[in-house]
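Listed below are the residues making up each chain.
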Amino acid sequence: MATHRIPFAIAVLFLVVCGLLLADFVRRGNAIERFNALPSTAIVFTGQFDRIERGLDLLSEGHVDRLFISGVNAKAGLGIERFADQFSLTAQQISWLESGVIILSEDANTTLENAIETACWLETQPETDAVVLISSKPHLPRASLALSATIGPVDIVRVASDLEYGRQGAGYTLSEFRRFVATWAIVMLPHSFWPIELPGMCREA
């Protein structure tokens with residue numbers, strides 16, 4: 001009898017852990033839809049252009065005061081030198097790019113590296129106690145998990161770019177849940193064991 005109880009206990013524990021992870025995935029996927037009283041700093045993890053477009057819209061509409069975009073590089077189909085042309089920036093937005101209201105950082109290639117790159121930048125912004133995180137709805141759980149693991153007690157308000165969700169559907173969400181579980185396992189480890197290439201912003205700090 002005892003030998004049968006051990007596998008049963010393991011199965012129950014497995015189901016409980018899966019349930020907790022699924023609940024956290026769903027919770028982190030909840031994004032606000034009204035943009036009143038947002039934190040002044042918005043963060044974008046690159047991957048799809050509509051994420052950046054949502055960030056630019058929030059900035060132009062006065063919902064946030066500055067925009068940090070992580071991973072502006074060729075692997076994301078982006079380039080710092082051609083960023084203004086890629087997104088048809090207005091004269092005002094170009095002035096924000098030049099004055100540091102819009103900050104582009106280029107070294108992150110993965111969600112974990114986006115989080116590390118953002119954390120290194122936030123270390124130079126000591127007054128920041130809350131940020132807006134912008135990503136696609138299926139990616140928000142993984143992105144917010146990685147970011148919360150790197151920036152400590154800073155509050156994260158999640159905003160979805162949304163466009164991807166309608167195109168990709170349930171299969172994409174299931175794939176993101178698997179990646180979320182993998183990310184959860186990684187962030188439980190000490191940072192020295194994370195599979196990342198340290199972004200240049202962190203090496204300079």
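Scroll up to find the structure this text is about.
What you see is a predicted model; the values in this text were computed from it and never measured.

Cut-offs applied
Residues numbered from 1 in each chain as written. Predicted model: local features only at pLDDT ≥ 70, side-chain atom pairs only at ≥ 80, totals over all residues. Heavy atoms only, no water. Pairing = 2+ DSSP bridges. Helix = DSSP H or I, 4+ residues; strand = E, 2+ residues; numbered from the N terminus. Axes fitted to C-alpha atoms, helices over the stretch in contact; angles between N-to-C directions. Core = buried A, V, L, I, M, F, W, Y, C linked by side-chain atoms within 4.5 Å. Buried < 20%, exposed > 50% of the residue type's maximum accessible area, 1.4 Å probe, protein only. Contact = heavy atoms within 4.5 Å. Salt bridge = Lys/Arg side-chain N within 4 Å of Asp/Glu carboxyl O. Phe/Tyr/Trp six-rings, centres within 6.5 Å; stacked < 30°, edge-to-face > 60°.

## Remarks on the sheet that holds strand E2 (residues 66-70)
- Pairing is parallel in the open sheet, where 5 strands are placed in the order E3-E2-E1-E4-E5. Every interior strand has two partners, whereas the edge strands, strand E3 (102-105) and strand E5 (155-160), have only one. Put simply, the sheet's adjacent strands are angled 20° from each other on average, direction ignored.
- The pairing of strand E1 (residues 41-45) with strand E4 (residues 130-135) spans 3 bridges and is classified as parallel.

## Some thoughts on the nonpolar core
- One finds Ile 43, Phe 45, Val 131, Leu 133, Leu 147 and Ile 151 to be the most contacted residues of the largest nonpolar core, which totals 29 residues.
- Listed by contribution, the elements that provide at least two residues to this core are helix H1 (2-29), E1, helix H5 (111-122), E4, helix H6 (140-151), E5 and helix H7 (163-187).
- When residues of this core are assigned to their parent elements, the largest contribution, 7 residues, is made by H5.
- Sequence-distant contacts of Val 131, that is, excluding residues within four places in its chain, are made with Pro 39, Thr 41, Ile 43, Leu 122, Leu 147, Ile 151, Val 154, Asp 155, Ile 156 and Val 157.

## Remarks on the pattern of salt bridges
- Tallied over the full model, the rule gives 4 salt bridges.
- One salt bridge connects Asp 24 with Arg 27, and the closest N-O pair in it is separated by 2.7 Å. Of this pair, Asp 24 and Arg 27 both sit in helix H1, 3 residues apart, which is roughly one turn of that helix.
- With its nearest N and O atoms 2.8 Å apart, the salt bridge here joins Arg 142 to Glu 176. Highlighted residues: Arg 142 in helix H6 and Glu 176 in helix H7, separated in sequence by 34 residues.
- With a relative accessible area of 11%, Arg 142 lands in the buried category.
- Several salt bridges converge on common partners, so that one network encompasses Asp 24, Arg 27 and Arg 28.

## Considering the packing of aromatic side chains
- Here the structure, examined in full by the defined rule, presents 6 aromatic pairs.
- Ring geometry for Phe 25 versus Phe 177: centroids 5.3 Å apart, planes at 80°, classification edge-to-face. With Phe 25 in helix H1 and Phe 177 in helix H7, this pair connects stretches of sequence that are 152 residues apart. Judged on exposure class, the residue Phe 25 and its partner Phe 177 are both buried.
- Relative to Phe 180, the ring of Phe 177 lies with its centre 6.4 Å away and its plane at 20°, an arrangement referred to as stacked. On the criterion of helical spacing, the pair formed by Phe 177 and Phe 180 is a turn pair, its members being 3 residues apart in helix H7.
- Overall, the relative accessible area of 18% leaves Phe 177 in the buried class.
- Ring pairs connect the aromatic residues Phe 25, Phe 177 and Phe 180, which therefore count as one cluster.

Taken by themselves, the reported measurements are silent on function.
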